[in-house]
Structures are given as C-alpha cells and as structure tokens.
Amino acid sequence: MGLLRTALLAGSTSVCLREQLTRRPFFRRAVSRFMPGEHLGDALGACRTLQGAGVGTLLTCLGENVTTADAARAVADHYVEAIGRISDAGTGTQLSVKLTQLGLDLGLEGCLDNLRRIAEASSTHEQVVWIDMEASQYVDATLEIFRRARAETPYVGVCLQAYLHRTAADLEALLPLGPAVRLVKGAYREPADVAIARKADVDRNFEALAARLVEPKAQAAGAFVGFGTHDRSLIDRLIRLTADTPRIGFEFEMLYGIHGSLQQRLVSDGYPLRVLISYGSQWFPWYMRRLAERPANLWFVLKSLSR
Ligand SMILES: Cc1cc2nc3c(=O)[nH]c(=O)nc-3n(C[C@H](O)[C@H](O)[C@H](O)COP(=O)(O)OP(=O)(O)OC[C@H]3O[C@@H](n4cnc5c(N)ncnc54)[C@H](O)[C@@H]3O)c2cc1C
C-alpha cells in the first residue's frame, strides 16, 4: 500500500482532521464531485436523472459507528421513510446500509432488529437491501447478521471484499443460500495477514470469486452478483466471464461521479448498471476513503482550494 494511501486511510479516522476539514468551503466543494448533496431529496433528484439514462441506483445515508441505541434506531427510521419516498419517486432505487451505523458496536441483536425493519419495508417493494462490508473486525458479525436476515427474506444482499484472504472461504459457505453478493476490492486499511497487498493479486482473487458466483450451479441456486468496480481492464474480463450468464444474474455497480463515460458504455452495450449515490452530513471518513482509492483525486481538492 502506498504511503499516501496509508496516510489518507489513517486520516479517515482522525477526529481532529475531520473537525478541521469539514468546516472548509474548499473541501466541501471538492466532495460535491462525489455526492449530489447532503439531503435525501438531492440524492433522489440524481436517481431520477440516472433513471432517464437507463441507469439503476442505490442510496446510502453516510455515517458509521454510532454510539447510542437511539442514534441507531433513528438511522433505521430514516431508511424506512426513505423507502416510502423512493417508492413515490418510482425509481426502483435500492438501499445500501452500514451495520455500524445501525448499532453493530452496541450489540448484534439490536443491530439485527434495525436491519430487519429496513428489510421488511424494502421487501414490500421487492427491492434488495444491501449490507456494506466494513473493516475486517466486523466481517464475522456482518455475515452472521446477513445469514439471519436472509433466513427471513430473500431481499437482502451482502458485500464481500476480494482483498481479504478469508473471502474465498466465506463465499463457499454462503453459496448454498443462493445469495445476492456485491463483490468489491475493499476500501479499508488492513494488515498483510488479513488482506492481500498486491493489486494484481486482489484483481485475480476478484475474478476467481466472480467466476464462482456466475457458475451455472450457483446461478441455478439463485445467486446474484453485483460487480462493484471501476477498473476498466477488470470489467472487460468480467464481460468475457459472463458471456453465457443470463443478465438477470449479475449487474455492474459503480460510485456516483466516477467514470461516467464507462458507465454510459456499459449501458449502451446493454449491461445492467447501478450507481451508488451517497448523501448525508457524515461524509468525512467516506470521502477520505475515496481519496485513498485514487490519490490523484487530491488534485480536485487542491483545485477547489485555488478557486
Ligand atoms: C457500488 C459500490 C459499493 C461498494 N461498497 C463497498 C463496501 O461495502 N465495502 C468496501 O470495503 N468497499 C466498498 N466499495 C469500494 C471498493 O472496495 C473499492 O475501494 C472501490 O470500488 C475502488 O476500487 P476499484 O474496484 O474501482 O478498482 P481500483 O483498482 O481501485 O480503481 C480502478 C480505477 O477506477 C478509478 N477509480 C477508483 N476509485 C476511484 C475514486 N475514488 N475516484 C476516482 N476514480 C476512481 C480509477 O480510474 C482507477 O484507476 C464499493 C464500491 C462500489 C462501486
């Protein structure tokens, strides 16, 4: 991992840096490249625009590691309300949620109750709720919550990270469920005994995991895979890999504001695509992870400073 990337990921958890930077107008301007606004209405506006371009959408209200049960319940309340507003908007938007924002640090049962409320509301509209995967210490609890929620409704999916050594085994254990899995490379700072360090090896693992999910046996069991990546060369390999996979069995997923031209190309070639739109005021750690993914993004911050 490069020094700059390590520094940015370390910065993402710094309270002092967060307090300094989130107040600065230049920093807020730079963030706007990756999110249409802080309010649900801003995000829904972007969902409608993307719907017009044939692109599906996912919404996430930014925030993580809440410290009280009331705060976690309030997040679930917000998402239940958001599902109603999404239904009124008719955009077919799905939700992507972080379990630490639903109270995972406070206990598994309370967190599951909050997720259950969101999943029940989403199930009535036949839309999947996706569970994000956070730092490695949360993987066991996240998978346990996913399994328990999946036993109650098929409208729940989970993210798996290709950079973790453990993910191949986790996927094998999930496959009998016919799961909805979002595959990503992984966005957190992890030690070498937990995560694969070299990009080429992460990419290879991503492809191997993708191959398992699109095998006819897995697809026949109900597996669905969202390929959450902007990596052009990996996407080309995934297109070859899925040549014989029915297009209801997979989709590409990208983040709002990244590689718009690639998004258009996929849609015009007939591939299903969803774009994840973030909103909310708690954007600092999330934005620092976006900077770490591509330190060249720091230029946008500097340009915005010079304006
Ligand atoms: C829909 C979705 C959901 C996700 N959910 C999770 C999750 O739950 N848990 C998790 O750990 N991670 C999640 N991620 C993030 C993921 O793990 C990666 O960190 C992120 O997608 C960057 O990796 P990449 O596959 O695009 O490949 P990379 O090799 O990192 O990037 C490939 C190319 O994409 C472009 N690119 C990538 N990132 C950026 C950026 N921030 N800004 C500008 N250009 C960029 C660059 O051109 C880069 O060369 C999610 C990603 C997506 C798309």
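Notes on the structure in this doc start here.

Calculation notes
- Residues numbered from 1 in each chain as written.
- Predicted model: local features only at pLDDT ≥ 70, side-chain atom pairs only at ≥ 80, totals over all residues.
- Heavy atoms only, no water.
- Near = heavy atom within 4 Å.
- Polar contact = N/O pair within 3.5 Å; in protein donor to acceptor, adjacent residues only side chain to side chain.
- Areas by Shrake-Rupley, 256 points an atom, 1.4 Å probe, with all protein chains shown as cover.
- Helix = DSSP H or I, 4+ residues; strand = E, 2+ residues; numbered from the N terminus.
- Buried < 20%, exposed > 50% of the residue type's maximum accessible area, 1.4 Å probe, protein only.
- Contact = heavy atoms within 4.5 Å.
- Salt bridge = Lys/Arg side-chain N within 4 Å of Asp/Glu carboxyl O.
- Pairing = 2+ DSSP bridges.
- Axes fitted to C-alpha atoms, helices over the stretch in contact; angles between N-to-C directions.
- Core = buried A, V, L, I, M, F, W, Y, C linked by side-chain atoms within 4.5 Å.
- Lys, Arg positive; Asp, Glu negative; His and termini not counted.
- Phe/Tyr/Trp six-rings, centres within 6.5 Å; stacked < 30°, edge-to-face > 60°.
- Lys NZ or Arg CZ within 6 Å of the ring centre and 35° of its normal.

1. Some points on the site of the ligand
Logical step 1: Taken together, 26 residues sit near the ligand, with Met133, Lys185, Gly186, Thr229 and Glu293 positioned nearest.
Logical step 2: One of the side-chain nitrogen or oxygen atoms of Lys185 is found 2.7 Å away from an oxygen atom of the ligand.
Logical step 3: Considered on its own, the ligand offers 930 Å² of accessible surface; in the complex 88% of this is hidden by protein.
Logical step 4: Those elements that provide at least two residues to the shell around the ligand are β4 (156-161), β5 (180-184), β7 (250-255) and α13 (284-293).
Logical step 5: For the shell around the ligand, the leading source of residues is β7, giving three residues.

2. Notes on the side chain of Arg289
Logical step 1: With respect to the secondary-structure elements, Arg289 resides in helix α13.
Logical step 2: Arg289 gets classed as buried once you look at its relative accessible area, which sits at 4%.
Logical step 3: In contact with Arg289, other than residues within four places in its own chain, are Leu9, Glu64, Lys98, Ala187 and Tyr188.

3. A look at the pattern of salt bridges
Logical step 1: Tallied over the full model, the rule gives 25 salt bridges.
Logical step 2: Two residues, Glu253 and Arg182, come together in a salt bridge whose shortest N-O distance is 2.8 Å. Taken together, the positions of Glu253 in strand β7 and Arg182 in strand β5 put the pair 71 residues apart, joining distant regions of the chain. As far as burial versus exposure is concerned, Glu253 and Arg182 are alike and both buried.
Logical step 3: With a shortest N-O distance of 3.0 Å, Lys185 and Asp203 are connected by a salt bridge. With Lys185 in the loop between β5 and α9 (199-214) and Asp203 in helix α9, this pair connects stretches of sequence that are 18 residues apart.
Logical step 4: Exposure remark for Lys185: the relative accessible area of 21% places this residue in the partly exposed category.

4. Let's talk about the sheet that holds β7
Strand-to-strand pairing in sheets goes through backbone hydrogen bonds, with the strands running parallel or antiparallel.
Logical step 1: Spatially, β1-β2-β3-β4-β5-β6-β7-β8 is the arrangement adopted by the eight strands of the closed barrel, whose pairing is parallel. The sheet shows a mean angle of 30° between the axes of neighbouring strands, direction not considered.
Logical step 2: Where strand β1 (residues 56-61) and strand β8 (residues 273-279) come together, six bridges link them in parallel fashion. Note on β8: the bridge partner recorded for Leu59 is Ile277.
Logical step 3: Of the strands in this sheet, β7 and β8 touch helix α12 (residues 260-268), which is tilted by about 160° from β7.

5. Description of the nonpolar core
Logical step 1: Formed by 77 residues in total, the largest nonpolar core has its most connected members in Leu59, Leu102, Leu115, Ile118, Leu183, Phe227 and Phe252.
Logical step 2: In this view, Leu183 contacts Leu160, Phe206, Leu209, Ala210, Leu213, Val225, Gly226, Phe227 and Gly228; residues no more than four positions away in its chain are not counted.
Logical step 3: Of all hydrophobic cores here, the second largest spans 26 residues; its members include Leu9, Met35, Ile258 and Phe284.

6. Considering the side chain of Glu190
Logical step 1: Within the element layout of this structure, Glu190 appears in the loop between β5 and α9.
Logical step 2: No salt bridge is formed by the buried Glu190; the nearest opposite charge belongs to Arg189, separated by 8.6 Å.
Logical step 3: There is a polar contact of 2.6 Å between the side chain of Glu190 and the side chain of Ser136.

7. Some remarks on the packing of aromatic side chains
Logical step 1: As enumerated under the stated definition, the model contains ten aromatic pairs in all.
Logical step 2: A centroid spacing of 6.0 Å and a plane angle of 45° characterise the contact between Phe227 and Phe250, whose relative ring orientation is tilted. Of this pair, Phe227 sits in strand β6 (residues 224-228) while Phe250 sits in strand β7, placing them 23 residues apart in sequence.
Logical step 3: Here Phe227 falls in the buried class, since its relative accessible area comes to 0%.
Logical step 4: Among the aromatic side chains, those forming a connected cluster through ring pairs are Phe26, Phe27, Phe34, Trp283, Phe284 and Tyr287.
Logical step 5: Taking NZ or CZ as reference, Arg247 lies 4.1 Å from the ring centre of Tyr271, over its face.

Geometry only, nothing functional implied.
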